[in-house]
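For reference, the chains in residue letters:
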Amino acid sequence: MAFRLVITIKQRVCLSFHALQKRFLCWVKPPTTSLVLGTLADLARGKSELIVENALLRQQLIILHRQIKRPVYRKTDRLLLVFLTRMVRTWKQALFLVQPETLLRWHRELFRVFWKHKSQARSKKPGLSPETITLIQQMAANNRLWGSERIRGELLKLDIRVSKRTIQKYMKHVRPERAHGQTWKTFLRNHVAEVWACDFLQVTDLFFRPLFAFFIIELKSRKVIHVNVTRSPTDPWAAQQLREATPYGQAPKYLIRDNDRKFGLHFARVASTCFGHRIELHKPMPSVNVF
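Every value quoted in this text rests on a predicted model; they were computed, and no experiment measured them.

Undergrad: Looking at this structure, I do not really get the nonpolar core. What am I missing?
TA: Grouped burial of nonpolar side chains is what soluble globular proteins tend to show. Phe214, Leu242, Leu255 and Phe267 are the most contacted members of the largest nonpolar core, which has 17 residues in total. Put simply, the parts of the chain that give this core at least two residues each are strand E1 (195-204), strand E2 (210-218), helix H11 (235-245) and helix H12 (265-275). Ranked by residues supplied to this core, first place goes to H11 with 5 residues. The next biggest cluster of nonpolar side chains, apart from the first, holds 11 residues, and it includes Ile136, Leu155, Tyr170 and Met171.

Here it is as structure tokens:
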């Protein structure tokens, strides 16, 4: 009787221990749909176990890639894939279900949504009414000697507040500008062999942070003379790039740039020294300066 009692007690203890162990494992093991909990649980696991599990998952992905032609992706799946590739250098080799071009396309689509939200108008101020636009055009057409400031004053008498730049925008339709002297096409055809052009190109990284690429090209051959990238473009930085592009004073006669604020006094001083001549074109391209 004593032996049977001990056996029974031992069996009950073992069953209780196994039940407690199952509950503990269920409590510790995170759900398969949770990426955060699964990552935290992997921190407490051994390296060999993780290697074996990675091999198992990789084999399943191979089988999945072989049998399923087009899996369905949710928006959260696309967002997580784009985010995780930022943390892995060899992300192109780690992709199995999608092509690298597809992942880059998802990033561009995400950037479009981000930029659409960022570029939305903050104020709900309505635009000009069609009647006001028609009135501006009639005043500009019937009074050829009136400028935008005079028209703005006349509109203020009617309690219509319109900026000077807006008036100039709608005056162009009834007062087309006449080109004086040679056209830009003629100038470019005559001096294309002696012209460089420079500008800033803004791009974004994975986290939508701006990057500014400064480049100089030769117009005749479309050859890139100099290029450099920065996050904070300034006037001294742009001037230094111009010095590096002309280390021995070898430069053509003209340098074309726009009226960006990044091209300040430092850049103008270096451009005047390197290129020797400065010509400002106001018509037909008012936003272009030629050194």
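Undergrad: Would you explain the packing of aromatic side chains in this entry?
TA: Two descriptors summarise a pair of aromatic rings, namely the distance from one centre to the other and the angle between the planes of the rings. Per the stated rule, a full pass over the model turns up 10 aromatic pairs. Taking 5.6 Å as the distance between ring centres and 35 degrees as the angle between the ring planes, the aromatic pair formed by Phe111 and Phe208 counts as tilted. One end of the pair, Phe111, is in helix H6 (residues 100-118); the other, Phe208, is in the loop between E1 and E2, and 97 residues separate them in sequence. Overall, Phe208 belongs to the buried group, its relative accessible area being 17%. For the pair Phe263 and Phe267, a centre-to-centre distance of 4.6 Å together with 50 degrees between the ring planes defines the contact as tilted. Taking relative accessible area as the criterion, Phe267 reaches 0% and is therefore assigned buried. An aromatic cluster is present here, built from Phe200, Phe214, Trp237, Phe263 and Phe267 joined pairwise through their rings. Directly above the ring of Phe200 sits Lys262, whose terminal nitrogen or CZ lies 5.3 Å from the centroid.

Undergrad: Whenever I open this one, a nonpolar patch on the surface confuses me. Can you help?
TA: Among the surface-exposed residues, Leu80, Phe83, Leu84, Met87 and Phe207 lie close enough to one another that they form a single nonpolar patch of about 490 Å² accessible area. Mapping Phe207 onto the fold places it in the loop between E1 and E2.

Undergrad: Even after reading the chapter, I still don't get the packing of helix H7 (residues 130-142) against helix H9 (residues 164-171), so can you show me in this structure?
TA: For any two helices packed against each other, one specifies the inter-axial angle together with the distance between the axes. At a minimum axis separation of 9 Å, H7 and H9 run at an interaxial angle of 70 degrees. Our classification of the angle between H7 and H9 gives roughly perpendicular. Only Ile167, Tyr170 and Met171 of H9 make contact with H7, whose side of the interface consists of Ile133, Ile136, Gln137 and Ala140. Of the residues belonging to the contact of H7 with H9, the class tally is 6 nonpolar, 1 polar and no charged.

Undergrad: Where do I start with the packing of H7 against helix H8 (residues 148-157) in this structure?
TA: For the pair H7 and H8, interaxial distance at closest approach is 11 Å and the crossing angle is 130 degrees. Classified by the angle between their axes, H7 and H8 sit oblique to one another. Considering how the two elements wind past one another, H7 and H8 form a crossing that is right-handed. Residues Leu135, Ile136, Met139 and Ala140 of H7 form the contact with H8, whose participating residues are Ile151, Glu154 and Leu155.

The rules behind the values
Residues numbered from 1 in each chain as written. Predicted model: local features only at pLDDT ≥ 70, side-chain atom pairs only at ≥ 80, totals over all residues. Heavy atoms only, no water. Core = buried A, V, L, I, M, F, W, Y, C linked by side-chain atoms within 4.5 Å. Buried < 20%, exposed > 50% of the residue type's maximum accessible area, 1.4 Å probe, protein only. Helix = DSSP H or I, 4+ residues; strand = E, 2+ residues; numbered from the N terminus. Phe/Tyr/Trp six-rings, centres within 6.5 Å; stacked < 30°, edge-to-face > 60°. Lys NZ or Arg CZ within 6 Å of the ring centre and 35° of its normal. Patch = residues over 30% accessible without salt bridge, like charges linked within 9 Å, V, L, I, M, F, W, Y side chains within 5 Å. Areas by Shrake-Rupley, 256 points an atom, 1.4 Å probe, with all protein chains shown as cover. Salt bridge = Lys/Arg side-chain N within 4 Å of Asp/Glu carboxyl O. Axes fitted to C-alpha atoms, helices over the stretch in contact; angles between N-to-C directions. Parallel < 35°, antiparallel > 145°, perpendicular 65-115°, else oblique. Contact = heavy atoms within 4.5 Å. Nonpolar A, V, L, I, M, F, W, Y, C, P; charged D, E, K, R; others polar. Left-handed = near helix turned anticlockwise from the far one by under 90°.

Purely spatial values, then, with no claim about function.
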